[in-house]
Amino acid sequence: MSAPVSAAYSYCEAVTGSQARNFAYGIRLLPTDKRQAMSALYAFSRRVDDIGDGTLPTEAKFARLEETRSVLGRIRAGAVDEDDTDPVAVALAHAARRFPIPLGGLDELIDGVLMDVRGETYETWDGLKAYCRCVAGAIGRLSLGVFGTVNAPGPGRPDAERAAEYADTLGLALQLTNILRDVREDAANGRTYLPAEDLAKFGCPEGFRAGRLPAGADFAGLVHHEVRRARSLFAEGYRLLPMLDRRSGACVAAMAGIYRRLLDRIEREPEAVLRGRVSLPPHEKAYVAVRGLSGLDARTVSRQAVRRRM
């Protein structure tokens, strides 16, 4: 690897380590080449998210997102040189040569962030699901390009042809957990993601922009409803684990495990998300990482698959 490419990856890993602690916990379990590629994917995705979440005027955000799409086009065309001044583009271009990364997923991410910039809201779960597939399901499919699959025959090891579907679904589970965790922060930024029909059903038709719950609102009921939906997505998405090699499976199990534990906390105390961001302490994240590396979650999914077939 040339010095410019190595430096570009180091930049992306620094961005990942400082900006995405949950993600960084998972990718530490990967071999160097995959960890570098995942850091490049994260750094590019972070750039897109930061444009959407930033303070630029709306039209400037549109322009910046299209500029970022142009960078992606250069990467796809193999037109990024190793001495390019954009380290994220250099690293991602190198990663795309190393691994069969479906770069169109990053176009989907940009499309999803454009939905944020336009201030779109979602009447139904199907509408929100389409958004989540852009901003999170696509990341799952991109990551699968780095991880690869192990399609060995045997009980509990499903056909890897469905791996992309499961990676997409797991991304949806993570995103819905994020939405629940960030209800207060999103409301402060003028955003409401939860489906309008769910908000109305549980007495919160105006969302949370007023900074307080309306009288008679069943906020706990709303959260528990969305938690059940997220758990169903996790159960389906976890079927990806037996399709991955040990270290890739450990990475996915660690990241997903952290979010599942966040979901547990939110379920136990729904109104905590209205007071601030719910998070896990470092020792609990470390435990989840060790559990993932042990392969326990993958073996559990395999046993469940065998029982379903019997």
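Residues numbered from 1 in each chain as written. Predicted model: local features only at pLDDT ≥ 70, side-chain atom pairs only at ≥ 80, totals over all residues. Heavy atoms only, no water.

**Notes on the nonpolar core**
Defined as follows: In this description, a nonpolar core means a group of buried Ala, Val, Leu, Ile, Met, Phe, Trp, Tyr and Cys residues linked to one another through side-chain atoms lying within 4.5 Å. Accessible area is worked out with a 1.4 Å probe on protein chains only. A residue is then buried under 20% of its type maximum, exposed over 50%, and partly exposed in between. Labels follow the DSSP assignment, with helices taken as runs of H or I lasting at least four residues and strands as runs of E lasting at least two, numbered in each case from the N terminus. Every residue pair with non-hydrogen atoms within 4.5 Å of one another is taken to be in contact.
Core analysis: the biggest nonpolar cluster contains 95 residues, and Phe 44, Ile 75, Leu 106, Leu 194 and Phe 208 have the highest contact counts within it. Per-element tally for this core: the top contributor is helix α7 (residues 125-147), with 11 residues. What Leu 194 contacts, discounting residues up to four positions off in sequence, is Tyr 122, Leu 128, Leu 176, Ile 179, Leu 180, Val 183, Leu 199, Phe 208, Leu 222 and Glu 226.

**Considering helix α12 (residues 246-268)**
Each α-helix winds once per 3.6 residues, and so residues spaced three or four apart point in a common direction. Note the cut-off: Helix span is expected to be 1.5 Å times the residue number reduced by one. Polar contacts here mean pairs of N or O atoms no more than 3.5 Å apart (in protein, one a potential hydrogen donor and the other a potential acceptor; neighbouring residues in sequence count only if both atoms are side-chain atoms).
The end-to-end C-alpha distance of α12 is 32 Å, a good match for the 33 Å that 23 residues give at a rise of 1.5 Å each. A distance of 3.1 Å separates the backbone nitrogen of Arg 247 from a side-chain oxygen at the start of α12, and that oxygen is part of Asp 245.

**Structural notes on empty space enclosed by the protein**
For clarity, the cut-off: The method works on a 1 Å grid over the protein atoms by themselves. A cavity is a set of points holding a 1.4 Å probe that cannot get out, a pocket is an open set with protein on both sides within 12 Å along at least five of seven lines, and residues with an atom within 4 Å of a point line them. Grid points are joined across faces, edges and corners, and a volume is the space filled by probe spheres set on the points.
This model, assessed by the stated rule, comprises one cavity of 30 Å³ or more. Taken together, Ile 179, Val 183, Asp 186, Ala 187, Arg 191, Thr 192, Tyr 193, Leu 194 and Phe 208 form the lining of the largest cavity. At three residues, the largest contribution of residues to the lining of the largest cavity is made by helix α9 (residues 183-188).

**Considerations on the pattern of salt bridges**
Here is the rule we go by: Each salt bridge in this description consists of a side-chain nitrogen of Lys or Arg and a carboxyl oxygen of Asp or Glu lying within 4 Å of one another.
One pass over the full model with this rule turns up 25 salt bridges. A salt bridge links Glu 267 to Arg 231, with the nearest nitrogen and oxygen atoms 2.7 Å apart. Here Glu 267 is found in helix α12, whereas its partner Arg 231 is found in helix α11 (residues 219-237), with 36 residues between them in sequence. The exposure class assigned to Glu 267 is partly exposed, which follows from its relative accessible area of 32%. Several salt bridges share partner residues, and in doing so they unite Glu 66, Arg 69, Arg 76, Asp 107 and Asp 111 into one network.

**Some words on the environment of Arg 28**
Within the element layout of this structure, Arg 28 appears in the loop between α2 (21-27) and α3 (32-53). Arg 28 sits in the exposed class, given a relative accessible area of 57%.

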